[in-house]
Structure formats: structure tokens, C-alpha cells
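Fold and contact review
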Amino acid sequence: MQEKIYVSKNDNSVNNFTSVTEAIQSIPKDNQTPVTIYIAPGIYHEKITIDRSYVTLEGIGESNKDTILTYDDYAFFIMEDGLKRGTFRSYSVFIDAHDVTLKNLTIENASGDSLSHGQGIALYADGDRLVINSCNIIGHQDTLFTGPLPPKEIIKNGFIGPKQFAPRIHGRQYYTNCYICGDVDFIFGSATAYFENCTIESLRHVPEGVTEIGKEIEIDEESGQHIQGYITAASTPEGEAYGYVFSECHLISNECPQETVYLGRPWRDYAKTVFIDCDMADHIHPKLFHDWNKENARKNVLYGVYDSELDSDTNSDADEAFSGRADFVKKLSSEEAGCLTKERVLSGSDGWLA
């Protein structure tokens, strides 16, 4: 039998909690019973850790905009020890358990623009069999981290945070009917993650008129424009069959100039990211993916695109549509794309979601 817990900021009756954190902590740490935490409309300014398994957090407003889980930590903040907070301590919501579902919520890092604040994770999702359904995930740089961390950091102290020394457990994550926004590397990490019917919005990273912004942002050689962002930065472990799959997603931008956003770049050399039957607006760069100036990555990544309306097996329009892609980006065949179903990618040995 499924247990039900209720959270409301305005109702502190015996059967209700007034904070999400209190509701989670009321569940036994070794929980094995499905529990749903129903969250009433409101703004919950909490830094939330979900460290119980078999838990669902569900907003009970009419819209996912009605129930907002928000916090405002950011990477550039100087901590008491003199170090920057860094990326992995900046999260608003942290999933540190298996079999967790989030539904009908807005999850937000409200710290502000990434030029001033650096990375700010809205959702740090580290676990197996995670479902994120009909949620808004809002931030700027590094909005959504699909853990685990890569095995080793490149920059000293780059992994400071709650899972810095934890075993790396490769998990599967399913995102459906979600809205995710950001600018630089705003979907990143090592998990196998399937994004279905999601809206992915690229925000402008460099404000109009700004010319000096540091070494991290590339200037496009042909157009002279600032590159405004990278949607993904996968760190798929070597040997993993699947990384990120985006299926029937909508890539939009109301702010970025034409051809200034890449679909992704490799955080680690074996990154896997494919886009299947996705609508892409004109903010997407014709090269599609960037190599992050990593020669080894060019040899080892799997970056691919497929559009069934431009079936790459039968229609020369596909060649024209993807003709500008970088030479390490693969134009998938219909057979290759057909093998990347949700069931195939996520089922694993336990048949999850199959």
C-alpha cells in the first residue's frame, strides 16, 4: 500500500508538513515502500535533498508553475574556508537515491546570470530509475546535472560536493514532457538519460553589446558572433552503450542570435548524445556539435542526429539539411535511430520501463 504525505506552506495541521525537507525526513532512511509526497501550490525556498528511495514528489497545482522548489546558491560564492562554493554544492534539489519520481513541479536555481554567478545547478540527479515528469527545470549554466560524477576531476577541487568521494554508480533517468532552460552546458553528466517530448530553451549567455567576457566563450570564426551556449556536456563513461537520447524534443530560443548555440560538447572523451526527430530553431549552429578542442574526443564521441521526415536512408534532403555538421557528427540511419527507443535505452537487465 502506498503511503501519502502532504506538504503545504499554509496548513500546519497534524497530517501536514510545512516544508518539503521535513516531509522527506519523516520517511525511514531504509524505506522500501512507495511514498508520495503531495506538495500544495506555493514557493518553497529550500535546499532539498531526496535521500530516500521509492519516493515521489508531486505538485498538486493545476500547473507545474504553481509549485516551485527554489534556491539561489551559485559556484562563484566564496565559502568560509576561502574556496568558491563550486558547481556541485550549488544545487537547489539533490536526488541521492534510486527509484525517485518528480512530477508537476518547477525546480529552479534562482541565483542569476552565469557570467556573474558561474554555475548554478537546479537539479542534481544522481540515482538509478529516476523519472522526471512534466517538470520545469530552470537555471543558466549547468542547470541539470545527471550524475554520477566522472571518475576523476580535471581541475583541483572541481568536484567538491556531496558525492565527491562516493562510488560512481551509473544510473538511468527518464525525462518526459519537461521544460529545461539554460545557457552553457545546461544538461550535463554521466547518466544514461532519455528526454522525450521535452522543450529545451537556450538562454542568451553574453548580453548584447558585451565584448570582453573572458576566455571561456568562443567567437565563431565565420560570423564573428559570440557562441551563446552549449545545450549538453555529456561525460558518458567509456564502454557504456548509451548516453543522452533526445526524442521528439523542441529546441527553442527567444534570445540567442542565429547559429550561436551548439547541441553539445564533450565533458569527457566518450560522450554520447543523439537527437532524433527533434525540432531545431535557427539558433542551432550548423556544425551541430563542438569538440571542445579535444582531439581524443573527436575520435571517441558518438554525436548523432536523425530526422524521419528527412529519412537518411532514402531522401537526399537529409544530406542537405545536415551538410554543415562537423565531420565527427554522425547522420544516423533509420535503422540506427530505430534502435534508440526508450525501452531499448533504459530497460537494462531489470527491464525498467520496458
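Up top you'll find the structure we're talking about.
Described in the following lines is the structure provided in the data block.

On to the overall build of the protein chain. In terms of helices and strands, the protein chain carries six helices and 27 strands. Overall size of the protein chain, expressed as C-alpha extent along the three principal axes, is 65 × 45 × 40 Å. When the 354 residues of the protein chain are sorted by exposure, 54% land in the buried category. Sequence separation of at least 24 residues holds for 71% of the intrachain contacts in the protein chain that already meet a minimum separation of 6. Total accessible area computed for the protein chain in this model is approximately 15,900 Å², and 46% of it derives from carbon and sulfur atoms. Each charge sign in the protein chain was given a centre, from 30 positive and 55 negative side chains, and these centres are 7 Å apart.

With that settled, consider the layout of surface pockets. Its boundaries defined by the atoms lining it, the second largest pocket holds a volume of some 300 Å³. Looking at the second largest pocket, it is lined by 20 residues, and the ones nearest its centre are Met 280, Ile 284, Leu 288, Ala 321 and Phe 322. Those elements that provide at least two residues to the lining of the second largest pocket are β25 (279-280), β26 (302-306) and α4 (317-321). The class makeup of the residues in the lining of the second largest pocket is twelve nonpolar, three polar and five charged.

To continue, consider empty space enclosed by the protein. Per the stated rule, a full pass over the model turns up one cavity of 30 Å³ or more. Lining the largest cavity, in full, are Asn 109, Ser 111, Gly 112, Gly 118, Gly 120, Gly 139, His 140 and Gln 141. Of the residues assigned to the lining of the largest cavity, the class counts are no nonpolar, eight polar and no charged.

Glancing now at the sheet that holds strand β14 (residues 144-146). Spatially, seven strands are ordered β5-β8-β11-β14-β17-β20-β23 in an open sheet, and the strand pairing comes out parallel. The strands lining the two open edges of the sheet, one partner per strand, are β5 (48-50) and β23 (261-264). Shown here is a sheet whose adjacent strand axes are inclined to one another by a mean of 15°, direction ignored. The pairing of β5 with strand β8 (residues 93-96) spans three bridges and is parallel. Across the sheet, residue Ile 48 finds its bridge partner in β8, namely Val 93.

With respect to the helices and strands, Asp 126 occurs in strand β11 (residues 123-126). Given the relative accessible area of 7%, Asp 126 is considered buried. Side-chain polar atoms of Asp 126 contact the side chain of Lys 163, separated by 3.2 Å. When near neighbours in sequence (up to four residues on either side) are disregarded, Asp 126 contacts Phe 94, Ile 95, Asp 96, Ala 97, Gly 147, Pro 148, Lys 163, Ile 169 and Gln 173.

Turning to the sheet that holds β25, a few remarks are in order. The strands making up a sheet associate through backbone hydrogen bonding, with each pair oriented either parallel or antiparallel. Read across the open sheet, the eight strands follow the order β4-β7-β10-β13-β16-β19-β22-β25; overall the sheet is parallel. Across the chains shown, the open sheet's two edge strands, defined by having one partner strand only, are β4 (42-45) and β25. Judged from the four bridges that link them, strand β7 (residues 67-71) and strand β10 (residues 106-109) form a sheet pairing that is parallel. Note that in β10 the partner of Leu 69 across the bridge is Ile 107.

Another point: the nonpolar core. In this structure, Ile 37, Leu 57, Leu 102, Leu 123, Ile 187 and Phe 195 are the most contacted members of the largest nonpolar core, which totals 63 residues. If we ignore the near neighbours within four places in the chain, the residues touching Phe 195 are Leu 144, Tyr 175, Ile 180, Ile 187, Tyr 244, Val 245, Phe 246, Ser 247 and Cys 249. Of all hydrophobic cores here, the second largest spans 13 residues; its members include Tyr 174, Val 274, Tyr 306 and Val 345.

Burial analysis of strand β24 (residues 272-276) places five of its five residues in the buried class, the great majority of the element. By the alternation rule, side chains of β24 split into Lys 272, Val 274 and Ile 276 and Thr 273 and Phe 275, which are all buried. For strand β21 (residues 244-247) and β24, the ladder comprises four bridges, and the chain directions are parallel. Along β24, the bridge assignment pairs Ser 247 with Ile 276. Alignment of β24 against β26, held across five bridges, turns out to be parallel. Paired with Val 274 across the strands is Gly 304, a residue of β26.

Moving on, we come to the environment of Ser 63. Counting through the fold element by element, Ser 63 comes out in the loop between β6 (55-59) and β7. Residue class for Ser 63 comes out partly exposed when judged on its relative accessible area of 25%. Residues Ser 63 and Pro 41 lie 22 residues apart in sequence; the distance between their C-alpha atoms is 9.1 Å. Separated by 3.0 Å, the side chain of Ser 63 and the backbone nitrogen of Lys 65 make a polar contact.

The rules behind these values
Position labels on residues start from 1 in each chain and follow its written sequence. Reporting in this predicted model follows two pLDDT cut-offs: at least 70 for local features of residues, and 80 or more for side-chain atom pairs to be given and counted; totals over whole chains, interfaces and linings ignore these cut-offs and use all residues. The side-chain figures draw on all heavy atoms in the structure; neither hydrogens nor water molecules are used. Going along the chain from the N terminus, every DSSP run of H or I of four or more residues is numbered as a helix, and every run of E of two or more is numbered as a strand. Residue burial is assigned from relative accessible area. The probe radius is 1.4 Å, only protein chains are included, and a residue is buried under 20% of its type maximum, exposed over 50%, and partly exposed in between. It only takes one pair of heavy atoms within 4.5 Å for two residues to be counted as in contact. Note on areas: these come from Shrake-Rupley sampling with a 1.4 Å probe, and a residue is covered only by the protein chains present in the view. For the charge count, each Lys or Arg is scored as positive and each Asp or Glu as negative, with His and the chain ends excluded. Lysine's charge is taken at NZ, arginine's at CZ, aspartate's at CG and glutamate's at CD. Buriedness of a pocket was judged along seven lines, with at least five required to meet protein on both sides within 12 Å; pockets are open sets of points on a 1 Å grid over the protein atoms alone, cavities are sets where a 1.4 Å probe fits but cannot get out, and lining residues have an atom within 4 Å of a point. Grid points are joined across faces, edges and corners, and a volume is the space filled by probe spheres set on the points. Ten residue types, Ala, Val, Leu, Ile, Met, Phe, Trp, Tyr, Cys and Pro, are classed as nonpolar, four, Asp, Glu, Lys and Arg, as charged, and the remainder, Gly among them, as polar. DSSP bridges decide pairing: two strands pair if at least two such bridges lie between them. Only the stretch in contact is used when fitting a helix axis, every axis being a line fitted to C-alpha atoms; angles between N-to-C directions are given from 0 to 180 degrees. Two N or O atoms form a polar contact when they lie within 3.5 Å of each other; inside protein one atom must be a possible hydrogen donor and the other a possible acceptor, and for residues adjacent in sequence the pair counts only when both atoms belong to side chains. Throughout this description, the term nonpolar core refers to a set of buried Ala, Val, Leu, Ile, Met, Phe, Trp, Tyr and Cys residues connected via side-chain atoms within 4.5 Å.

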